[in-house]
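The chain contents come next:
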Amino acid sequence: MKTAMWAALAAAAGLALVGPAGAQTPRAGGPETIRFTGAQWWTPQGFAGGDRYVRGGVFVAPTKGARVVDLAGAFVVPAFGEAHNHNLDTPELAKSVSDQYLANGVFYVKNPNSRAAFTPAARALLNRPDTVDAKFSMGGLTAEGGHPIRLYGFLSRFSGKEQPGEAFEGDAFHVIRTAADIEPALGKLQAQGAEFVKTYLLHSEQYDARKDDKAHYGMRGLDPKLYPAIVKAAHRRGLKVSVHIETAADFRLAVASGVDEINHLPGYMWASSDTAQTYTITPADAHAAARAGVVVVTTTVVTNGINLPPARKAQIKAVQTANLRLLQAAGVKLAIGSDNYMQTSRSEIENLAAMKVFDDATLLRLWVETPKVSIFPNRKVSCLDRGCEADFLALSADPTKDIAATKAIKAAWKDGAPLTLVPVQGSVIPGAPGGGGHVH
Ligand SMILES: [Zn+2]
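Described below are features of the structure shown in this document. (Residues numbered from 1 in each chain as written. Predicted model: local features only at pLDDT ≥ 70, side-chain atom pairs only at ≥ 80, totals over all residues. Heavy atoms only, no water.)

1. Side note on the sheet that holds strand 8 (residues 133–136)
Here is step 1: A sheet is described by the order of its strands in space; here 3 strands give the open sequence 6-7-8, paired in parallel fashion. With partners counted over all chains shown, the strands left at the sheet margins are strand 6 (80–82) and strand 8, one partner each. Pairs of neighbouring strands in the sheet enclose a mean axial angle of 15°, with direction left out of account.
Here is step 2: In the sheet, strand 7 (residues 106–111) pairs with strand 8 via 4 bridges, with the strands oriented parallel. Bridging across to strand 8, Asn-111 finds its partner in Phe-136.
Here is step 3: Strands strand 6, strand 7 and strand 8 of the sheet are contacted by helix 12 (residues 360–375), whose axis makes an angle of about 60° with strand 6. (Pairing = 2+ DSSP bridges. Helix = DSSP H or I, 4+ residues; strand = E, 2+ residues; numbered from the N terminus. Axes fitted to C-alpha atoms, helices over the stretch in contact; angles between N-to-C directions. Contact = heavy atoms within 4.5 Å.)

Given below as structure tokens:
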């Protein structure tokens, strides 16, 4: 019913509801002006009172004769983002997973590695007024025997037809063996509709030792000598570059090579012989990332799902905390991402709250600004001012005082129209337990 209504509205406005890769999300929202009253509105400095007006899916100047919607004392925040998750990857689950994101207040999702075989059909169900807006990289660039090749072999068991990971080359990942492979892989990605490029660096400081070692199958990444050329070639094509990293050396190489986004903090998982030094970012690394405008995605929650002794997890959390504090102090742009297949970025917010790295007002700001910082930097999102997209949540309590208030969503509006939220379940995947997942 609702979809039919939007389809009619969109058709009247000459908009296509389903666009190809990189197409503008249709901006629905009728010609009527709505005056929202009785609310406190989020700003980076704190909440402010006053009425706000919406027309055509965006905040507009005050208009006489507007229809009034009383938000009854709500605290209004821009909708949240998820900067790293792979769970919007199949058409079978896309709509129900999208519903769970919306119910958590997350309207924008970035998927840094998806199968080209499935993504177009999943994408066709998304980027609508009543679903999340999602961005996809398609398969990432890795080395022979690199991550995530082994992972896709493992995942194939669940499809009923087990195959070696290598069977998914050109679909779930692209192998860069020599410099001559760079342009063809990027050309293929663009033809498949990639909206950015995902790359893999894993213990790049040990590249030579790992590259032909069977013990490190699936636990290695791109050749650090080729890496700067890969980033440059993607940029020449107008594609931003995200990177999976493991170590502080990977972080340093990524920043020096000009990447746009780092998908993890170093050291979400440590090999048994490692020490904190392998994963600790230096002040010089942090300042270089800040100067280059590199975005760092947090993904601290993935550590909780890995089977490690409690003492090792405590060491990991201590390094994550130190790295986050250093990055924050240096002015590096942080984005909230969970990489938690069974959950949304709310799981990352809850983990960060438990780690007590940031106060609640800062945590809220990071989640609110994740869409602008990481997902849709060219859209007017993460704000509630004139010209901003009218995608927002009305909360029943002040989330800068207690971040848990972000769960108390009284009403949600997307593209300037009210959303019907479905109840939040334990996991975004129907029938699956909460937590866990696969780290890409
Ligand atoms: Zn991932």
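Still to come is the rest of the account.
2. Thoughts on helix 5 (residues 182–192)
Here is step 1: Within helix 5, burial applies to Ile-182, Ala-185, Leu-186, Leu-189 and Gln-192. The arc enclosing the buried residues of helix 5, seen along the axis, measures out at 120°, which places them on a common side. Pointing more than 90 degrees away from the buried face of helix 5 are the exposed residues Pro-184 and Ala-191.
Here is step 2: The first or second residue beyond helix 5 is Gly-193, which carries a positive phi of 95°. (Buried < 20%, exposed > 50% of the residue type's maximum accessible area, 1.4 Å probe, protein only. Arc of directions from axis to C-beta.)

3. Side note on the packing of aromatic side chains
Here is step 1: One pass over the full model with this rule turns up 14 aromatic pairs.
Here is step 2: When the ring of Tyr-152 is compared with that of Phe-168, the centres are 6.3 Å apart and the planes differ by 40°; the resulting orientation is tilted. Here Tyr-152, found in helix 4 (residues 149–156), pairs with Phe-168, found in the loop between helix 4 and strand 10 (173–175); they are 16 residues apart in sequence, far enough to count as distant. Comparing Tyr-152 with Phe-168, the two get one shared label, buried.
Here is step 3: Taken together through their ring pairs, the aromatic side chains of Phe-36, Trp-41, Phe-59, Phe-392 and Trp-413 make up a single cluster.
Here is step 4: Positioned above the aromatic ring of Phe-196, the side-chain terminus of Lys-110 is 4.8 Å from the ring centre.
Here is step 5: The aromatic ring of Phe-376 is capped on one face by Arg-379, whose charged end is 4.5 Å from the ring centroid. (Phe/Tyr/Trp six-rings, centres within 6.5 Å; stacked < 30°, edge-to-face > 60°. Lys NZ or Arg CZ within 6 Å of the ring centre and 35° of its normal.)

So yeah, pure geometry; function would need other evidence.
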